[in-house]
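So you can see what is in the structure, the chains are spelled out below.
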Amino acid sequence: AVWINGRLSLTHSRLVGSEPSLALLTLKEGYAHHNAALTQHIAQAWGNTPDVLAALNTLLYEEGVFLYIKPHSVLDKPLILHHLVDARQQPVSTAPRCLVVAGQHSHTSLLAIEHTLGTQPSLTNAYTQVILERAACLNHHTLQIQDSEQAHQVHHLSFIQREQSTLNTYCFTWGGALVRNNLHI
């Protein structure tokens, strides 16, 4: 999935060979197709956020994304979530929001790329919530690449793990004037 300046770009996003195992929707579409499940997860994930910057994202985000990995799915290729901030022409402020639910006994890898292009000032306040259901396994990698010393980024990453789930998470950061990562497990 590809976001450009905080908005999901379906033109640039695709799921290759894994469609039966995944659902990639905007949060609005998720409510329409999976209302009960999505409402339950969102209440859990965002109901008691102690972080003021995550709460700010709640106020500012315009379009969120819901990625659902179906139970018992074993994905042999990583899922890539690419957040692209284009600050080549003008200053940019974005507040991307993503909810990922890994169904029971699912196994996958997720690569989140957060890339700022250009030299204009930019501010990204991202919130990603990942819920691992019973016995789900997730390898999660974040690559933060800021091409400019004018790039400012805050990323709130929160995981909820059910019994017997396994999580490995890694974050690598290059560049930027300010990069802050808030991790909550």
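All values derive from a computational prediction rather than experimental measurement.

Quick look at a nonpolar patch on the surface now. A surface patch of nonpolar side chains, amounting to about 300 Å² of accessible area, comprises Leu56, Leu59 and Leu60. Tracing the backbone through its elements, the reader meets Leu60 in helix H2 (residues 52–60). By relative accessible area, Leu60 is classed as partly exposed at 47%.

The topology assignment puts Pro71 in the loop between strand E4 (64–69) and strand E5 (79–86). Expressed as a C-alpha distance, the spacing of Pro71 and His83, which sit 12 residues apart in the sequence, is 26 Å. Residues contacting Pro71, with those up to four places away along its chain left out, are Gly103 and Gln104.

Turning our eyes to something else, we now look at the side chain of His83. Locating His83 in the fold gives a position in strand E5. For His83, a relative accessible area of 9% translates into the label buried. Those residues within four positions of His83 in sequence are excluded, and the remaining contacts are Trp3, Pro96, Ile113, Glu114 and His115.

This part covers the side chain of Ser106. Inspection of the secondary structure assignment puts Ser106 in the loop between strand E7 (97–102) and strand E8 (107–117). What makes Ser106 buried here is its relative accessible area of 0%.

Before going further, it helps to spend a moment on the pattern of salt bridges. Using the criterion set out here, one finds three salt bridges in the structure. Taking the shortest distance from any N to any O, the salt bridge between Arg88 and Asp86 comes out at 2.8 Å. Residue Arg162 pairs with Glu133 through a salt bridge whose shortest N-O separation is 3.5 Å. Residue Arg162 is located in the loop between strand E11 (151–161) and strand E12 (166–174), and its partner Glu133 is located in the loop between strand E9 (122–132) and strand E10 (137–146); the two are separated by 29 residues in the primary sequence.

Analysis parameters
Residues numbered from 1 in each chain as written. Predicted model: local features only at pLDDT ≥ 70, side-chain atom pairs only at ≥ 80, totals over all residues. Heavy atoms only, no water. Patch = residues over 30% accessible without salt bridge, like charges linked within 9 Å, V, L, I, M, F, W, Y side chains within 5 Å. Areas by Shrake-Rupley, 256 points an atom, 1.4 Å probe, with all protein chains shown as cover. Salt bridge = Lys/Arg side-chain N within 4 Å of Asp/Glu carboxyl O. Helix = DSSP H or I, 4+ residues; strand = E, 2+ residues; numbered from the N terminus. Buried < 20%, exposed > 50% of the residue type's maximum accessible area, 1.4 Å probe, protein only. Contact = heavy atoms within 4.5 Å.

Geometric descriptors of this kind do not, in isolation, establish any biological role.
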